[in-house]
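So the chains spell out like this:
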Amino acid sequence: MAALNAARLVVIKIGSALLVEGGELRRDWLDGLAEDVAEMRSRGVGVILVSSGSIALGRGILGLAAGDLPLEQSQAAASVGQIRLARAYQEALEPHDITTAQVLLTLEDTADRRRYLNSRATLEALLGLGAVPIVNENDTVATDEIRYGDNDRLAAQIAVMAGADHLVLLSDIDGLYTANPATDPTATHIPRVCAITPEIEAMAGDPVSGLSKGGMKTKLMAAKTATAGGCAMTVTQGAVTRPLAALHGGARSTVFEALGDPVHARKNWIGAMKPKGEITIDAGAARALSAGKSLLPAGVEDVVGAFGRGDPVLILGPDGTRLGIGLSRYTADEAEAIKGAHTDEIEGILGYAGRAALVHRDDMVL
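Heads up: these notes are all about the structure in this document. (Residues numbered from 1 in each chain as written. Predicted model: local features only at pLDDT ≥ 70, side-chain atom pairs only at ≥ 80, totals over all residues. Heavy atoms only, no water.)

1. Comments concerning helix H3 (residues 27-42)
Because an α-helix completes one turn every 3.6 residues, residues spaced three or four positions apart along the sequence face the same direction. Selection rule: Here a helix means four or more residues in a row that DSSP labels H or I, a strand means two or more in a row labelled E, and each is numbered from the N terminus. Every helix has an expected span of 1.5 Å times one less than the residues it contains. To sort residues, take the accessible area from a 1.4 Å probe on protein chains only and compare it with the maximum for the residue type: under 20% means buried, over 50% means exposed, and anything in between is partly exposed.
For H3, which comprises 16 residues, the first-to-last C-alpha distance of 22 Å matches the rise-based estimate of 22 Å (1.5 Å per residue) to within 8%. Among all positions of H3, only Trp-29, Leu-30, Gly-32, Leu-33, Ala-34, Asp-36, Val-37, Ala-38 and Met-40 are buried. Positioned one or two residues after H3, Gly-44 has a phi angle of 85°, which is positive.

2. Considering the pattern of salt bridges
Oppositely charged side chains may form a pair once their charged atoms are brought near each other. As a reminder of what qualifies: Salt bridge, as used here: a side-chain nitrogen of Lys or Arg that lies within 4 Å of a carboxyl oxygen of Asp or Glu.
Per the stated rule, a full pass over the model turns up 15 salt bridges. When the shortest N-O distance is used, the salt bridge between Lys-219 and Asp-152 registers 3.1 Å. One end of the pair, Lys-219, is in helix H11 (residues 215-228); the other, Asp-152, is in helix H9 (residues 151-162), with 67 residues separating them in the sequence. Across this residue pair, the class does not change: Lys-219 and Asp-152 are buried. As a salt-bridge pair, Asp-363 and Arg-329 come within 3.3 Å of each other at their nearest N and O atoms. In this pair, Asp-363 sits in the loop between helix H16 (346-350) and strand E17 (364-365) while Arg-329 sits in the loop between strand E16 (322-327) and helix H15 (332-338), placing the two residues 34 residues apart along the sequence. The pair Asp-363 / Arg-329 is uniform in exposure class, with both members buried.

3. Things to note about the environment of Gly-53
Take Gly-53: it is sitting in the loop between strand E4 (46-51) and helix H4 (54-62). In sequence terms Gly-53 and Leu-19 are 34 residues apart; their C-alpha atoms lie 6.4 Å from each other.

4. Quick notes on the sheet that holds strand E14 (residues 300-305)
For sheets, the rule is that strands pair by backbone hydrogen bonds, running either parallel or antiparallel. Cut-off, in case you're wondering: In short, DSSP must find at least two bridges between two strands for them to pair. Contacts are assigned to residue pairs that have any heavy atoms within 4.5 Å of one another. Axes here refer to lines fitted to C-alpha atoms; in helices the fit is confined to the stretch in contact. Angles between the N-to-C directions go from 0 to 180 degrees.
Within the open sheet, the five strands sit side by side as E14-E13-E15-E16-E17. Their pairing is mixed. The sheet is open, and its two borders are formed by E14 and E17, each paired with just one other strand. Two elements, E16 and E17, share two bridges in a ladder whose sense is antiparallel. In the strand pairing of E17, Gly-326 is matched with Met-364. Contacting E16 and E17, helix H13 (residues 262-271) runs over the sheet at an angle of about 105° to E16.

Take a look at the structure:
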């Protein structure tokens, strides 16, 4: 658990079977999780929770029958359950002086670059303000996500988006086995996975519980995403009263080792993109970038190309030398309008409040 102990930002995914039992919220369990979150925060660790459970909770409130639901009933159950779920997290964390925030996303929000950047900026702002984001799939409008319970993969996407060091999947199983332990008594637990090989993928079985639909297959898909993004991932049994404390105490788990670190993984991803425009900056801005600063509109001299928010752009020095590539937080038209302007002038030019940086240092490769 050395990697988890050293993490500065941890994403924790909570499965439906842990949070909801017989259609009712397990409040004692949630209170224990809140204690774990408070303890982590006391050590300076940022926490994002990705929570399943809205459909399982909503169907109990609506009295819907067990088994698969038609899509419209799944969406209705999610709508009813989500508001209860958000309130339950607020009530559990409030005694620890922790502010909660609800963030509803789908996989599309992490696939579209503009929405990805907006979502990432929101999470960064919430964490910077000391809040704990509670992320859930927007199951009231989602379709494919509902069919196979994809919060495992969503959690991995959130971990990479936020630049987390560690992703913990609290599950109804304590890690990866050589076969499904529910059906094969000879199955052997695997404590550490250095690489996800075809042999490892062949070990994934079906979901264990009746509520959780993710299963080990989606956990391996999540591990591929997380580890490629420089984020380690742990799968552990979450049913105990304080699952994170148990994990720190040596509870059985499977750790998927990260391939590199989040910063370098993100930089590699940006560096491989094909630019859609060019931004020429002055000498002062070039010096600021070399010192690790973000690119502000005040240092921009020229804008070329037709790019949107989130698109990659080349950053050129005053003599035309290529300095790097980054993701623009403004469209080409907006960048053209605010070039040379100071931050406090942006709203007056655009007619709405914009972000201070045209290209943030975290979205830039020099």
